[in-house]
Amino acid sequence: MKTIYVGNINYAASAEDLKELFSQYGEVLSAKIINDRETGRSKGFGFIEMESGAESAIEELNGKEFQGRRLRVNVARPREARA
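Residues numbered from 1 in each chain as written. Predicted model: local features only at pLDDT ≥ 70, side-chain atom pairs only at ≥ 80, totals over all residues. Heavy atoms only, no water.

*Asks:* Describe a positive patch on the surface, naming the residues involved and giving the relevant values.
*Replies:* On the surface, Lys32, Arg37, Lys43 and Arg79 cluster together into a patch of positive charge. By secondary structure assignment, the location of Arg79 is in the segment after strand S6 (72-75). (Patch = residues over 30% accessible without salt bridge, like charges linked within 9 Å, V, L, I, M, F, W, Y side chains within 5 Å. Areas by Shrake-Rupley, 256 points an atom, 1.4 Å probe, with all protein chains shown as cover. Salt bridge = Lys/Arg side-chain N within 4 Å of Asp/Glu carboxyl O. Lys, Arg positive; Asp, Glu negative; His and termini not counted. Charge placed at Lys NZ, Arg CZ, Asp CG, Glu CD. Helix = DSSP H or I, 4+ residues; strand = E, 2+ residues; numbered from the N terminus.)

*Asks:* For helix H2 (residues 54-61), give the residues involved together with the corresponding values.
*Replies:* Where H2 is concerned, the buried positions are Ala54, Ala57, Ile58 and Leu61. Along the axis of H2, the buried residues cluster in a sector spanning 100 degrees; they form a single face. Check the buried side of H2 and you find it contacts strand S1 (2-7), helix H1 (15-22), strand S3 (42-50) and S6. At the C-terminal side of H2, Gly63 shows a positive phi close to 90 degrees. (Buried < 20%, exposed > 50% of the residue type's maximum accessible area, 1.4 Å probe, protein only. Arc of directions from axis to C-beta. Contact = heavy atoms within 4.5 Å.)

*Asks:* Which residues make up the pairing of strand S2 (residues 28-35), and what values do they have?
*Replies:* As paired elements, S2 and S3 share six bridges and run antiparallel to each other. Considered in S3, the bridge of Val28 is made with Met50. (Pairing = 2+ DSSP bridges.)

*Asks:* Give a description of the nonpolar core that names residues and reports values.
*Replies:* Inside soluble globular proteins, nonpolar side chains tend to come together where they are buried. Grouped together as the largest cluster of nonpolar side chains are 19 residues, with contacts concentrated most on Ile4, Val6, Leu18, Phe22, Ile48, Met50 and Val73. Tallying contributions element by element places H2 first for this core, with four residues. Ignoring any residue separated from it by four or fewer positions in sequence, one finds Val6 in contact with Leu18, Phe22, Gly44, Phe45, Gly46, Ile48, Leu71, Arg72 and Val73. (Core = buried A, V, L, I, M, F, W, Y, C linked by side-chain atoms within 4.5 Å.)

Structure, rendered in structure tokens:
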């Protein structure tokens, strides 16, 4: 399983939209868009977990326009501990 970071997402996009986009490349286990805790509004980035096809999804979708914005797609780095 691989976790993919997706940045520069249109604020109106849903996790379902992302899941649909990435499912062209393999099985999507989960799709999550990160929201601001206080406003509940999308922060414009999210994460996709894929069982297979992650490499080709990253290669094909990085820089591709989706809902009017160019996506930034790469392998997610492990979360750093907060101080």
